[in-house]
Amino acid sequence: MEIRIGVRDVAREVTLESTQTPDQVRAAIAEAVSSGAPIVELVDEKGATVLVPTAALGYVEIGSPEKSRVGFGTTH
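Now for a description of the structure that goes with this document. Quantities reported herein were computed from a predicted structural model and do not represent experimental measurements. Each chain carries its own residue numbering, running from 1 in the direction its sequence is written. Restriction of local features to residues with pLDDT of at least 70 applies here, the model being predicted, together with a cutoff of 80 or more for giving and counting side-chain atom pairs; totals for whole chains, interfaces and linings are based on all residues. Only hydrogens and water are removed before side-chain values are computed, so all heavy atoms of the structure are retained for them.

### A word on the environment of Ala-32
Phase 1: You can see Ala-32 is positioned in helix α1 (residues 22–35).
Phase 2: Overall, the relative accessible area of 6% leaves Ala-32 in the buried class.
Phase 3: Remark: the alpha-carbon pair of Ala-32 and Thr-54, spanning 22 residues in sequence, is separated by 6.9 Å.
Phase 4: Beyond its immediate sequence surroundings of up to four residues, Ala-32 is in contact with Ala-37, Ile-39, Val-40 and Thr-54. Elements are defined by DSSP. Helices are runs of H or I of four residues or more, strands are runs of E of two residues or more, and each kind is numbered from the N terminus. Summary of the burial criterion: residues with accessible area below 20% of their type's maximum are buried, those above 50% are exposed, and those between are partly exposed, where the area comes from a 1.4 Å probe applied to protein chains only. Residue contacts are defined here by distance: any two heavy atoms, one from each residue, within 4.5 Å place the two residues in contact.

### Some details on the side chain of Gln-20
Phase 1: Relative to the helices and strands, Gln-20 is located in the loop between β2 (14–17) and α1.
Phase 2: Of the polar contacts made by the side chain of Gln-20, one reaches the backbone nitrogen of Val-43; its length is 3.5 Å.
Phase 3: Discounting residues that sit within four places of it in the chain, Gln-20 has contacts with Met-1, Val-25, Leu-42 and Val-43. N or O atoms closer than or at 3.5 Å make up a polar contact, with two conditions inside protein: a donor-capable atom paired with an acceptor-capable one, and, for residues adjacent in sequence, both atoms drawn from side chains.

### Brief notes about the environment of Glu-61
Phase 1: One can find Glu-61 in strand β5 (residues 57–62).
Phase 2: The class of Glu-61 is partly exposed, set by a relative accessible area of 38%.
Phase 3: Each C-alpha atom of the pair Glu-61 and Pro-22 lies 9.9 Å from the other, and the pair is 39 residues apart in sequence.

What follows is the structure, encoded as structure tokens:
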């Protein structure tokens, strides 16, 4: 699942692929924001940790889990 994070005053967004569910990501971000935690910690699909300062969050876009497609498309 793809996660895009907009960071205030930064032109580029942070993008990562994660094996976490949308609910897990949503809960981690909501908990960090509501508790006043200084950072949001997410894990990408390779196990790397991504830390984003909570105060700098502009937006978080959580993609839906998508099954990989196999084969070739055909047009008529």
